[in-house]
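This is what each chain is made of:
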Amino acid sequence: MDEPIFSLKDVSQVYINNSEKNEALKHVNLTIYHGECLGIVGQSGCGKSTLGKIISLIDKPTQGEVYYQGNKIQFSDRSIYPIRKEIQYIFQDPISAFSPRKKIIKFLLEPYVNFKLCPKKEALIQIEHYLKQVGLDQSCLNKYPHQLSGGQLQRIVIARTLSLSPKLIVCDEMTSALDVIVQDEILTLMKKLQIENQLTLVFISHDLSIVQRFCDRTMVLFDGEQIECLNSKDFTASKHPYIELLKDAIL
Ligand SMILES: Nc1ncnc2c1ncn2[C@@H]1O[C@H](COP(=O)(O)OP(=O)(O)OP(=O)(O)O)[C@@H](O)[C@H]1O
Ligand SMILES: [Mg+2]
């Protein structure tokens, strides 16, 4: 776990709204290692999703350098396309990922069509495999999204993500729309998949107890600045006032 897969050097993100500047991320330096589960934690609006979208190569930072597997990312170059397949982003609200009129089978086949991964017959065999991995069976394939629960939909989103054989997955508050028991099931599932599919995970959450339980290390963000990057078990010992505040928030 000591080989870097991804790194950010002096990365900043500035949004401009109605000529007003918003420094959402300020001079962040970060290395993510192969096979680790890295947490990103902080209060609402501190820049977690902004950072998550840069790590997923969805957004280009206004300043700084981004490296994947040792190579500098050129955001406007075609060389970024195959890398985008290897780094996936899972959003908070599973239902927003679905179109209400499309059956689950269509949703799961999309990556195979979009990325021309393999013929349909083979795709269906793979889909069956990934559904099994996330604890579902083929009975969901002919259903519409509204016929499934939030937890089942999130499992389907995960199955679709796996079909792209990603190396790094950024999970942005992926369980906050779910109740506590389902939340725990999904997090446990992600840890199982991390081992089975040799994944590197980035777990974004505002909940310190979640990152403490599931992540190896956690980066703490405050108002766009990185405060600390701690081994998750060292949180209890940290006396940083902001970390104290986050600890109080979960009591
Ligand atoms: N596309 C955008 N355009 C303009 N401002 C943005 C954009 N995305 C985020 N921001 C601003 O950047 C700051 C950081 O937002 P971000 O979504 O990264 O926070 P967050 O930590 O993910 O919050 P939450 O926990 O509520 O999801 C906020 O002030 C937000 O309003
Ligand atoms: Mg967010």
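Residues numbered from 1 in each chain as written. Chains lettered and ligands numbered in written order. Predicted model: local features only at pLDDT ≥ 70, side-chain atom pairs only at ≥ 80, totals over all residues. Heavy atoms only, no water.

Focus on the overall build of the protein
Turning to step 1, where the next piece is worked out: Tallying secondary structure elements over the protein gives eight helices and 10 strands in all.
Turning to step 2, where the next piece is worked out: Computed over C-alpha atoms, the radius of gyration of the protein comes to 18 Å, within 12% of the 18 Å expected from 2.2 N^0.38 for 251 residues, which places it in the range of a compact globule.
Turning to step 3, where the next piece is worked out: Counting across all 251 residues of the protein, residues that qualify as buried make up 47%.
Turning to step 4, where the next piece is worked out: Considering only contacts within the protein whose residues lie at least 6 apart along the sequence, 68% involve residues at least 24 apart.
Turning to step 5, where the next piece is worked out: Split by element, the accessible area of the protein, about 12900 Å² in all, is 50% carbon and sulfur.
Turning to step 6, where the next piece is worked out: Looking at charge distribution, the protein has the averaged site of its 29 positive side-chain charges lying 9 Å from that of its 29 negative ones. (Helix = DSSP H or I, 4+ residues; strand = E, 2+ residues; numbered from the N terminus. Rg over C-alpha atoms; globule rule 2.2 N^0.38 Å. Buried < 20%, exposed > 50% of the residue type's maximum accessible area, 1.4 Å probe, protein only. Contact = heavy atoms within 4.5 Å. Areas by Shrake-Rupley, 256 points an atom, 1.4 Å probe, with all protein chains shown as cover. Lys, Arg positive; Asp, Glu negative; His and termini not counted. Charge placed at Lys NZ, Arg CZ, Asp CG, Glu CD.)

What about the packing of aromatic side chains?
Turning to step 1, where the next piece is worked out: Scanning the model with the defined rule gives three aromatic pairs in all.
Turning to step 2, where the next piece is worked out: Measuring from ring centre to ring centre gives 4.7 Å for Tyr89 and Phe91, while their planes differ by 80 degrees; the resulting arrangement is edge-to-face.
Turning to step 3, where the next piece is worked out: Relative accessible area serves as the criterion here: at 10%, Tyr89 is assigned to the buried category. (Phe/Tyr/Trp six-rings, centres within 6.5 Å; stacked < 30°, edge-to-face > 60°.)

Quick look at the state of the cysteines
Cysteine pairs can be covalently joined through their sulfur atoms, and such a bond is termed a disulfide.
Turning to step 1, where the next piece is worked out: Taken as a whole, this structure holds zero disulfides when the rule is applied.
Turning to step 2, where the next piece is worked out: Counting only cysteine sulfurs, Cys37 is the nearest neighbor of Cys171, a cysteine outside any disulfide, at a range of 7.6 Å.
Turning to step 3, where the next piece is worked out: Here Cys215 stays unpaired: no disulfide links it, and the sulfur of Cys37, its closest cysteine neighbor, is 3.8 Å away.
Turning to step 4, where the next piece is worked out: Take Cys215: its relative accessible area is 7%, and that puts it in the buried class. (Disulfide = S-S within 2.5 Å.)

Let's talk about the side chain of Gln154
Turning to step 1, where the next piece is worked out: Of note, Gln154 is situated in helix α5 (residues 150–162).
Turning to step 2, where the next piece is worked out: Setting aside residues no more than four positions away along its own chain, Gln154 makes contact with Ile90, Phe91, Gln92, Pro94, Met174, Leu178 and Ile186.

Digging into the site of ligand 1
Turning to step 1, where the next piece is worked out: Taken together, 13 residues lie around ligand 1, and Ser44, Gly45, Lys48, Ser49 and Thr50 are the ones closest in.
Turning to step 2, where the next piece is worked out: In the environment of ligand 1, an oxygen atom lies 3.1 Å from a nitrogen or oxygen atom belonging to the side chain of Asn22.
Turning to step 3, where the next piece is worked out: With respect to ligand 1, the side chain of Ser44 contributes an N or O atom lying 2.6 Å from an oxygen atom.
Turning to step 4, where the next piece is worked out: Considering ligand 1 on its own, with 640 Å² of exposed area, one finds that the protein chains cover 63% of that surface.
Turning to step 5, where the next piece is worked out: Where the shell around ligand 1 is concerned, the elements lending two or more residues are β1 (4–17), β2 (20–33) and α1 (48–55).
Turning to step 6, where the next piece is worked out: Broken down by element, the residue count for the shell around ligand 1 peaks at three residues, all from α1.
Turning to step 7, where the next piece is worked out: Classifying every residue of the shell around ligand 1 by side-chain character gives three nonpolar, eight polar and two charged. (Near = heavy atom within 4 Å. Polar contact = N/O pair within 3.5 Å; in protein donor to acceptor, adjacent residues only side chain to side chain. Nonpolar A, V, L, I, M, F, W, Y, C, P; charged D, E, K, R; others polar.)

Some words on helix α8 (residues 241–249)
Turning to step 1, where the next piece is worked out: Those residues of α8 that fall on the buried side of the exposure criterion are Tyr242, Ile243, Leu246 and Lys247. Burial along α8 is one-sided: seen end-on, the buried residues are contained in an arc of 145 degrees.
Turning to step 2, where the next piece is worked out: Looking at the buried side of α8, the elements it contacts are β3 (37–41), α7 (208–214), β9 (217–222) and β10 (225–231). (Arc of directions from axis to C-beta.)

Observations regarding the pairing of strand β8 (residues 200–205)
Strand residues, when the strand is regular, have side chains that alternate between the two faces of the sheet.
Turning to step 1, where the next piece is worked out: Extensive coverage of β8 is indicated by the burial of six of its six residues.
Turning to step 2, where the next piece is worked out: Along β8, one buried face is formed by Thr200, Val202 and Ile204 and the opposite face, lined by Leu201, Phe203 and Ser205, is buried too.
Turning to step 3, where the next piece is worked out: Bridge analysis of β3 against β8 gives five bridges, and the strand direction is parallel. Counterpart to Leu38 in the pairing with β8 is Val202.
Turning to step 4, where the next piece is worked out: Here five bridges tie strand β7 (residues 168–172) to β8, and the two strands are oriented parallel to one another. When the bridges of β8 are listed, Leu168 appears paired with Thr200.
Turning to step 5, where the next piece is worked out: One crossover worth recording links β7 to the parallel β8 by way of helix α6 (residues 180–196), and it is right-handed. (Pairing = 2+ DSSP bridges. Right-handed = clockwise from strand over helix to strand, strands pointing away.)

Examining unusual backbone geometry
Turning to step 1, where the next piece is worked out: In the Ramachandran plot, Leu57 falls in the positive-phi region, its phi being about 65 degrees despite a non-glycine side chain.
Turning to step 2, where the next piece is worked out: Within the element layout of this structure, Leu57 appears in the loop between α1 and β4 (63–68).
Turning to step 3, where the next piece is worked out: The exposure class of Leu57 is buried, given its relative accessible area of 0%.
Turning to step 4, where the next piece is worked out: Backbone geometry places Asp223, a non-glycine residue, at a positive phi of 50 degrees.

What to know about the confidence of the model for the protein
Turning to step 1, where the next piece is worked out: Per-residue confidence for the protein gives a mean pLDDT of 92, with 99% of residues at or over 70.
Turning to step 2, where the next piece is worked out: The secondary-structure element of the protein with the lowest mean pLDDT is α8, recorded at 78, while β4 shows the highest, at 98. (pLDDT = per-residue confidence, 0-100.)

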